[in-house]
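Each chain is listed here by its residues.
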Amino acid sequence: MLHKIQAEKFGSRGEGMAHAVEACVHCGFCLPTCPTYLTMGEEMDSPRGRIFLMKEVLEGNLSVDQAAPYVDRCLGCLACETSCPSGVRYGHLISPYRAYAQKNRKNNLFQKTFRWLLMESLPHPGRFRFLLQMAVFSRPLQGLLPRMLRSPLSLLPKTIPKEDDLPEIFPAKGDQRARVALLTGCAQQVLAPEINRATLRVLSENGVEVVIPKSQGCCGALAMHLGEVERAKISARKNLEVFENAGPLDAIVTNAAGCGSGLSEYRDLFHGEPEEERAKNLFALVQDVSLFLHNLGLKKPSGWPEPRKIAYHDACHLSHAQGVREAPRELLRSIPNLILMEPLEWEVCCGSAGTYNLEHPETADLLGQRKAKNLADTGADAVATGNIGCLVQVRNQLEKTGSNIHVFHTMQILEEAYRNGA
Amino acid sequence: MKDRAALIKDLGRIFPPDRLLDSSAQLAPYESDGLTCFRSRPSAVVLAETQEEVIQTVRWCYQHSVPFMARGSGTSLSGGSVPVADGVVIALNRLSRIVQLDPVERTVTVEPGVVNLKVSEVAAPYNLYYAPDPSSQQICTIGGNLAFNSGGAHCLKYGMTSNHVLGIKAVLPDGEVVHFGGPSLESAGPDLTGFYCGNEGLFGVALEVVLRLLPKPEFFRTVMAAYDSMEAAGNAVTRIVSSGLLPGALEIMDRLAIKAAEAAVQAGYPKDAAAILIVELDGEKDAVESDYIRLSALINETGANTVIVARDTVERMKIWKGRKSAFSAVGRLSADFIVQDGVVPRARLGEALAEIERLSNIYNLRVANVFHAGDGNLHPLILYDGREEGALERAEELAGKIIKLCISMGGSITGEHGVGLEKKAYLPEMFSPVDIETMERVRAQIDPKFISNTGKMLPGGEAPALVIRGLHPLEKEGILSRE
Ligand SMILES: Cc1cc2nc3c(=O)[nH]c(=O)nc-3n(C[C@H](O)[C@H](O)[C@H](O)COP(=O)(O)OP(=O)(O)OC[C@H]3O[C@@H](n4cnc5c(N)ncnc54)[C@H](O)[C@@H]3O)c2cc1C
Ligand code: SF4
Ligand code: SF4
C-alpha cells in the first residue's frame, strides 16, 4: 500500500519496515489465521489493521501511545507471514517498530517495572531459579496479589526440578557423523532440564557429538520482543563470540523454538552494523534440532509395543518464524506404532508467545483454551511440541479442562522411543 | 464535525464502550476496503453482536439522518466498503452464528458475518458444501457476498451468490425488518431475494441468510495446461465450451500472474509459460471420466506445451492455491495495483486480451491477467508505482479504458466485484438515463433518507472524501468534487 514513511528516519531497519508496509495489499487473507482477530473480531487487532496503524505512527499521523493497545496485543506469532500471499515480512515491521515504540512511549511505570523484572530474571538461570523457589513458597499468598502478578504464578510448576549441570561435551555413540553445539535455553534449563537431556541422548544415539559451551547466555529473544534492542545486542554479542570459539561445527542446534528464531534474528538486529557479517555466519549454522536430525537421516527408533496416538502442536516460532513444519512430523512418523494426529487450526497460536501469557492473561487464556480443545479433540494420548513456552502453556490449559493428556518435547518422545528398544 | 461527534456518544445507549469505536486509532484501520487508494473516515464503528443491535443502530441512524454502512471483512475491490465519511460503520464480524443447518433440506441459515469458507466447513460432515467460491473465500463474509452477488471460479457451472440464496431477513434503511423468500426452493410472487442480492449495501443490512447447500461432487479431474500465447489459451476456452463440455471451472492466468503465484505458493506452474488454463471437471465419477477423455483430446489439439493432471486432492489444491492467491500475490511484483473487473462475451475473449495488451503498452504499465474465462469475466490487474508522480492517474485512466472496452464489446462493467465507488462513473455508459432514473426511484422508495451506504453504486449523491492523489475519474466526469 502507499505510504509516506521516511525510512531513513528510523535507522538501519527503517527500510525493512517501509518495505513490509509497501508489500501489504490490504487483502485480508491474513485475518483468519491471526489469533487476536479470531478472538476479538475487530480490525485494529488484525495483522492488516496493525500494519495500517504502524504505518500511521511511522508517518506521524498517530502517536505511539494511541496505537499501543492494539500493537501490544500482537503475539508476534507470525502466522500472518505464513498466510500472506503478498509476501509481507511482518516480522521486519513489528520488531523494529517495537524498539521504536519502546523509546517513544509515555511512561507506563507498572509495565516498565514488570518488563524489567522479567528481563532481569528469566534470562539468568540462577536468579530465575531463586525467584521460582520464592514464588512456589509464597503460593498460598497468591490471592493477595494484583491480577497481573497472579497470572505468572499460576503458570508455575508445582515443584522446581533439581539443578542439572550439563557436561561440556556429550560424546557421540558409535561412529561420529556430525559435531554440533547446543543452545540450552535459559528458562528451559530451569523449568525442564529433562528436555536438554533427552536432546543430548537422541543426538548421541544418532552419532552426533554435542558441545555445550558453558559461557553461552540468553539468546536475547525476550529483550528483542519487548523492544529492548540494546539489551538484546549485549546478549547477542556474547553468543556470537561463544559459538565462534566452539570449534568446527556442522550446526548450532536449538530445541526451544523461541531461542532458535531469536538466534536467527541476529541478522536483522545487526543489520547495517559491524557485526552483520558474523551474525550472518551464525545464522547459516543455526538449525532446530528436528530439522537437523531430519536432514542428517534419523536412525530408526524401536518405538512402542502398543500403538500410541500423538498430536503434534506447531510452535509458532518453529512453524511460522522458521518455516519448520514437516521435519518434526517426519521424525515422529518414523517411530513404529506412533500414530500422528493433526489438530484443527494448526496455525493458530496457543497464547504462550514468549512472555505474552504474563502480560495479557485474558487473551492468552482464550487462545489456550481454544488450543486445548483442538488438541483434545484429536483423541490423542499425548502432545508433542518443539518449544518450552508452548509446552508449559498447553500443559496448563489441558490441565484446566481436566484432561489427562501429557505434553512432551518432540525430543522426549524420540528418546523414549529409542530407550524402549534398548 | 463536532455535532456528529456529540451525537455519536448517544450510540452508547446501544453499545458498551468497548464496542463503540470512535478514537483515531480505532477508526483508522476501518478507512479502506481491499484497495487502499480509497480512504474515508467514519465517525464511529460499532461492533454488533446481535441482530437486535443492528436493527436498533439502523433505526437510530434513520432517526438522526446519519449515513451508515454495513461492513463484512472489507475485501471489496471497488471501494464498496469504504466508510461513508462521518457516518457509522456497522461491523458484522461478530454477528457470525450458524443459526440452523438442515442436512435433509440441504439448507443452512447463517448470520451475515459468517465467513464464506466456514459455511462449507460446517456442511462438510454431511457431505455438503456451499458452491460460490470467490478467491477471497477464506475471509470474505456471506453479507458481503450477498451485497456484491459474488462469484468464483466455479460459477460457470454453479452460478453466482444469488443462485444459492433462498431467503433473507434484513433491516431496511428506515428500520423496517423484512423477510424475503424462505427455506423452500419454490416461492411465489416476485423474486425479492434476487432483487436484494447485489444491492451493494444500499438496501440496509442483511441479518440472516438462508443458503442452499449442494452435495459435494463425488469426483474431480483438474487439469492445468500451459500455452505459448494468451491467444492460444483463449482459443482453447472457446473450443472447450463450444464442444458442449461444462467444466466446473475454466480459468486463465497470464505470464505475470503465473510468476506472482509461483513466488507466493509454489503451485508448480511452468514459469516460462505465456498463459495457463485451469480446467476442472466435477460430478459423478463415470460422467467425469468420460468427459475427461474428450477434454484431454481437445487440449492436445489446442497445442498446449505442458499438461499437468492432479493425481490427488493435494495436487488439486496446489493448482487451486496458485490461482486463489494470485491477486494478493501480485503484491510481490508491485506494491501498488488496481484490480479491474469487467465482462466480455466469451467469443471475443482473445480480441479483448489483445486490446488490453495494446493499451498496456501505450500506457507503459504492466497488466497481469487472472480471470474466469468460462464466463468471460476478466480481471486485469494494473500494476503501477505509487511513488511515481502521475502513475496512479495513468493506471486509473487505463482501468477506465478497459471498462469502456468491455462495454463496447457488448459486455458489462462488473462481473462480480461490484460498482462501488470505483465504477459508478461508468454506469451511465452502460445504462440509459431512463434505466438509471428507474434505479434511483427504486432506491428512494427503499431508502428515502439516502443513508444506506450513501454515495456508492449509483451516480450522484454525496460521496466520501476520497484520499487519493490527482483527479479521480469521478471528478474528471464532474460527478464528484472535493472541498
Ligand atoms: C484477493 C481478493 C480476491 C477476490 N476474489 C474475488 C472473487 O473471486 N470473486 C468475487 O466475486 N469477489 C472477489 N473479491 C472481492 C470481495 O472479496 C467480495 O466482493 C466479497 O463478497 C466481499 O465480502 P466482504 O465480507 O469483504 O464485504 P465488504 O468488503 O466488507 O463489503 C462489501 C459490500 O457489502 C456490503 N455488505 C457487507 N455486509 C452486508 C450485509 N450484512 N448487509 C448488506 N450489505 C452488506 C458492504 O456495505 C459493502 O458495500 C476478492 C477480493 C480480494 C481482496
Ligand atoms: S495477507 Fe498480506 S497483503 Fe493481505 S492484508 Fe494481510 S499482510 Fe497485507
Ligand atoms: S504476529 Fe500473530 S498476533 Fe501478530 S498480527 Fe501476525 S498473526 Fe496476528
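Residues numbered from 1 in each chain as written. Chains lettered and ligands numbered in written order. Predicted model: local features only at pLDDT ≥ 70, side-chain atom pairs only at ≥ 80, totals over all residues. Heavy atoms only, no water.

Within chain B, the regular secondary structure consists of 17 helices and 20 strands. A compact globule built from 483 residues would reach a C-alpha radius of gyration of about 23 Å, and chain B, at 22 Å, matches this within 12%. For chain B, the spread of C-alpha atoms along the principal axes amounts to about 70 × 60 × 45 Å. The proportion of buried residues among the 483 residues of chain B is 60%. Counting contacts in chain B only where the partners sit at least 6 residues apart, residues at least 24 apart contribute 72% of the total. (Helix = DSSP H or I, 4+ residues; strand = E, 2+ residues; numbered from the N terminus. Rg over C-alpha atoms; globule rule 2.2 N^0.38 Å. Buried < 20%, exposed > 50% of the residue type's maximum accessible area, 1.4 Å probe, protein only. Contact = heavy atoms within 4.5 Å.)

Residues and elements named next belong to chain A. Entries for chain A in the domain assignment read domain 1 (2-104) and domain 2 (298-419). The centre of domain 1, based on its C-alpha atoms, is set 28 Å off from the matching centre of domain 2. With 15 residues of domain 1 at the interface, the matching set in domain 2 holds 16 residues. Summed over both partners, the interface of domain 1 with domain 2 comes to about 1200 Å²; 70% of that surface belongs to carbon and sulfur atoms. One can count two residue pairs in polar contact (both at pLDDT 80 or more) joining domain 1 with domain 2. Looking at the side of domain 1 that touches domain 2, the elements with two or more residues in it are helix 2 (35-40) and helix 5 (79-83). (Domains from an automatic or database assignment. Buried area = accessible area lost by both parts, 1.4 Å probe. Polar contact = N/O pair within 3.5 Å; in protein donor to acceptor, adjacent residues only side chain to side chain.)

Residue and element names in this part refer to chain B. In this fold, Thr-222 is placed in strand 12 (residues 219-227). Engagement of the side chain of Thr-222 in a polar contact is seen with the side chain of Glu-280, the distance being 2.7 Å. For Thr-222, the residues in contact, after removing those within four places along its chain, are Ile-278, Val-279, Glu-280, Ile-308, Val-309, Ala-310, Arg-316, Ile-319 and Trp-320.

Turning our attention to the site of ligand 1. Near ligand 1, the surroundings consist of 37 residues, among which Ala70(B), Thr75(B), Ser81(B), Ser136(B) and Thr141(B) are the closest. Of the chains in the model, those with residues near ligand 1 are chains A and B. Between an oxygen atom of ligand 1 and a side-chain N or O atom of Thr75(B), the distance comes to 2.7 Å. The backbone of Glu200(B) places a nitrogen or oxygen atom 3.5 Å from an oxygen atom of ligand 1. Isolated, ligand 1 exposes 970 Å² of accessible area, and the fraction of that covered by the protein chains is 99%. At the level of secondary structure, the elements contributing two or more residues to the shell around ligand 1 comprise strand 3 (68-71), helix 5 (142-148), strand 10 (205-212) and helix 12 (326-329) of chain B. Considering each element in turn, the shell around ligand 1 owes the most residues, five residues, to helix 5 of chain B. Partitioning the shell around ligand 1 into residue classes produces 14 nonpolar, 20 polar and three charged. Looking at which domains feed residues into the shell around ligand 1, each of domain 1 (4-91) and domain 2 (98-216) of chain B supplies at least three. (Near = heavy atom within 4 Å. Areas by Shrake-Rupley, 256 points an atom, 1.4 Å probe, with all protein chains shown as cover. Nonpolar A, V, L, I, M, F, W, Y, C, P; charged D, E, K, R; others polar.)

With that settled, the discussion passes to the domain arrangement of chain B. Domains assigned within chain B are domain 1 (4-91), domain 2 (98-216), domain 3 (219-328), domain 4 (335-426) and domain 5 (432-476). With centres defined by C-alpha atoms, the gap from domain 1 of chain B to domain 3 of chain B works out at 42 Å.

Next up on the list: the nonpolar core. One recurring pattern in soluble globular proteins: nonpolar side chains tend to sit buried together. Of all hydrophobic cores here, the largest spans 85 residues; its most connected members are Tyr97(A), Met253(B), Tyr269(B), Ile276(B) and Leu381(B). Looking at this core, the element that brings in the most residues is helix 9 (residues 255-265) of chain B, giving seven residues. Those residues in contact with Tyr269(B) that sit more than four places away from it in its chain are Met224(B), Met253(B), Ile258(B), Ala261(B), Glu262(B), Ile276(B), Ile278(B), Ile319(B), Gly322(B) and Arg323(B). In this structure, Phe170(A), Ala236(A), Leu263(A) and Ile388(A) belong to the second largest nonpolar core, which totals 76 residues. (Core = buried A, V, L, I, M, F, W, Y, C linked by side-chain atoms within 4.5 Å.)

The next point concerns the site of ligand 3. Residue and element names in this part refer to chain A. Taken together, Cys-34, Pro-35, Pro-47, Arg-50, Cys-74, Leu-75, Gly-76, Cys-77, Leu-78, Ala-79, Cys-80 and Tyr-90 make up the full set of residues adjacent to ligand 3. Those elements giving two or more residues to the shell around ligand 3 turn out to be helix 3 (47-59) and helix 5. Class assignment for the residues of the shell around ligand 3 results in ten nonpolar, one polar and one charged.

Moving on: the sheet that holds strand 5 (residues 98-102) of chain B. Residue and element names in this part refer to chain B. Strand order in the open sheet formed by five strands is 5-6-10-8-9, and the pairing between neighbours is antiparallel. This sheet does not close on itself; its edge strands, each paired only once, are strand 5 and strand 9 (177-181). Across the sheet, the axes of successive neighbouring strands diverge by a mean angle of 10 degrees, strand direction being ignored. With four bridges connecting them, strand 5 and strand 6 (residues 107-110) associate as antiparallel partners. (Pairing = 2+ DSSP bridges. Axes fitted to C-alpha atoms, helices over the stretch in contact; angles between N-to-C directions.)

Two side chains that carry opposite charge are able to pair once their charged atoms sit near each other. For the coordinates displayed, the defined rule picks out 52 salt bridges over all chains. The residue Arg329(A) makes a salt bridge to Glu342(A) at a minimum N-O spacing of 2.7 Å. Highlighted residues: Arg329(A) in helix 19 (residues 326-333) and Glu342(A) in the loop between strand 7 (338-341) and helix 20 (356-359), separated in sequence by 13 residues. Judged by its relative accessible area of 1%, Arg329(A) falls in the buried class. For the salt bridge of Lys157(B) with Asp282(B), the shortest nitrogen-to-oxygen distance reads 2.7 Å. Here Asp282(B) lies in strand 14 (residues 275-283) and Lys157(B) lies in helix 6 (residues 155-158), a separation of 125 residues in the sequence. What emerges from the salt-bridge pattern is a single network uniting Glu42(A), Asp45(A), Arg50(A), Arg73(A), Arg19(B), Glu49(B), Glu53(B) and Arg94(B). (Salt bridge = Lys/Arg side-chain N within 4 Å of Asp/Glu carboxyl O.)

This part is about the pairing of strand 9 of chain B. Residue and element names in this part refer to chain B. Summarising the sheet, strand 8 (residues 165-171) and strand 9 pair through five bridges and their orientation is antiparallel. Residue pairing across strands places Ala-170 opposite Val-178, the latter belonging to strand 9. Here strand 8 hands over to strand 9 after five residues, with Gly-175 in that stretch at a positive phi of 95 degrees.

With 36 residues of chain B at the contact, the number on the chain A side is 31 residues. Note on chain B versus chain A: buried area summed over both sides is about 2700 Å², and carbon and sulfur give 59% of it. Our enumeration of links across chain B and chain A arrives at four salt bridges. There are 13 residue pairs in polar contact (both at pLDDT 80 or more) connecting chain B and chain A. Considering every element that reaches the side of chain B that touches chain A, the biggest residue donor is helix 2 (residues 24-27) of chain B, with three residues.

Moving on to the sheet that holds strand 8 (residues 382-385) of chain A. Residues and elements named next belong to chain A. Read across the sheet, four strands follow the order 7-6-8-9 without closing on themselves; strand pairing throughout is parallel. Strands with a single pairing partner mark the edges of an open sheet, and in this sheet they are strand 7 and strand 9 (406-409). If you compare each strand with its neighbour and ignore which way they point, the axes differ by 35 degrees on average. Relative to strand 9, strand 8 is paired through four bridges, and the arrangement is parallel. Residue pairing in the sheet places Ala-382 in a bridge with His-406 of strand 9.

Take unusual backbone geometry next. Residues and elements named next belong to chain A. Of note, the phi angle at Asn-337 is positive, near 70 degrees, even though the residue is not glycine. Position of Asn-337 among the secondary structure elements: in the loop between helix 19 and strand 7. In this structure Asn-337 comes out as partly exposed when scored by relative accessible area, which is 33%.

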